[in-house]
Amino acid sequence: MTQPNRDWDAVYREAAPPPWSIGRPQPELAALIEQGKIRGDVLDAGCGHAALSLALAARGHTVVGLDASATAVEAAAAAAAEQGVTTATFAQADVTTFRGYDGRFATILDSGLFHALPPERRSDYLRSILRAAAPGAALYILAFAAGALGHRDGGPHGFTETELRGAVAELWHVDDVRPAKVYGNAPAGAPPNVEFDDEGHFMAPGLLLSAHKP
């Protein structure tokens, strides 16, 4: 997860992991992996601590993780080295303007990034990942649904299905948008409308969008 106008390095330097770093891929995206939906080289946009990238590399995929936070990128690279992973690489980048991967990725995964971007930068982001996508590439975006976290100050507001579909359809062909769950580390004063799993992670209402490059 990343956002150009926030100090994400400070977030990743805190003693406790950020809410979205649950130590494993988001279950909705893990299900896509199990279903064989991920193909070719993969871009993990806003990779954070890169649990998703590392899980994909363990399955034989070549993965590039990009994040605005150098601290997160360093931690991801260290985890890859510790696990002996050689097919996942990480780089610091502004995901709304990055270049250097034109036409490379057959799959692009967004695990809670899009809802964290300022609205005025979302088109730039979609254009940047479109440029990096191979012909016919698949895009999966996991985002909070509107009102998922109540009215917490500074938190992402999420999307309605119509809003998410409309934003992405400006540049991508949207195939499906369906209800999903977004898991996270429970913050203090978690809103009452979220569920919790057996490990204490909150499960907030979300949306999973599937699209492809026209």
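Computed from a predicted model, the values in this text were never measured in an experiment.

Definitions and cut-offs
Residues numbered from 1 in each chain as written. Predicted model: local features only at pLDDT ≥ 70, side-chain atom pairs only at ≥ 80, totals over all residues. Heavy atoms only, no water. Helix = DSSP H or I, 4+ residues; strand = E, 2+ residues; numbered from the N terminus. Contact = heavy atoms within 4.5 Å. Polar contact = N/O pair within 3.5 Å; in protein donor to acceptor, adjacent residues only side chain to side chain. Buried < 20%, exposed > 50% of the residue type's maximum accessible area, 1.4 Å probe, protein only. Pairing = 2+ DSSP bridges. UniProt positions renumbered as here; feature names shortened; annotations may be inferred.

**Focus on the environment of R24**
Mapped onto the elements, R24 comes out in the loop between α1 (8–13) and α2 (27–34). Linking R24 and L52, residues 28 residues apart in sequence, is a C-alpha distance of 6.6 Å. Once residues within four sequence positions are removed from consideration, R24 is found in contact with A51, Y183, D197, E199 and H201. Engagement of the side chain of R24 in a polar contact is seen with the side chain of D197, the distance being 3.5 Å.

**A word on unusual backbone geometry**
A positive phi is found at A50, a non-glycine position, where the angle reads about 70 degrees. In this structure, A50 sits in the loop between β1 (42–45) and α3 (51–58).

**Considering the pairing of strand β5 (residues 133–144)**
In terms of residue burial, β5 counts as a mostly covered element, since ten of its twelve residues are buried. As judged from the six bridges shared by strand β4 (residues 105–111) and β5, these two strands associate in the parallel manner. In the sheet register, L109 faces β5, and the bridge partner there is Y140. Looking at chain direction, β5 and strand β8 (residues 201–212) are connected through seven bridges and run antiparallel.

**Things to note about the environment of L149**
Assignment of secondary structure puts L149 in the loop between β5 and α6 (161–168). We classify L149 as buried; its relative accessible area is 14%.

**Here we look at the environment of A132**
Mapped onto the elements of the fold, A132 is located in helix α5 (residues 122–132). For A132, a relative accessible area of 2% gives the class buried. The spatial distance from the C-alpha of A132 to the C-alpha of T162 is 26 Å, given a sequence separation of 30 residues. Beyond its immediate stretch of four places on either side in the chain, A132 contacts F98, Y101, D102, G103, R104 and F105.

**Some words on the UniProt feature "domain: Methyltransferase" (unreviewed entry) in the protein chain**
If you check UniProt for "domain: Methyltransferase" (unreviewed entry), the listed places come out as residues 42–136 in our numbering. Its end C-alpha atoms 13 Å apart, residues 42–136 is made of 34% helix and 26% strand.

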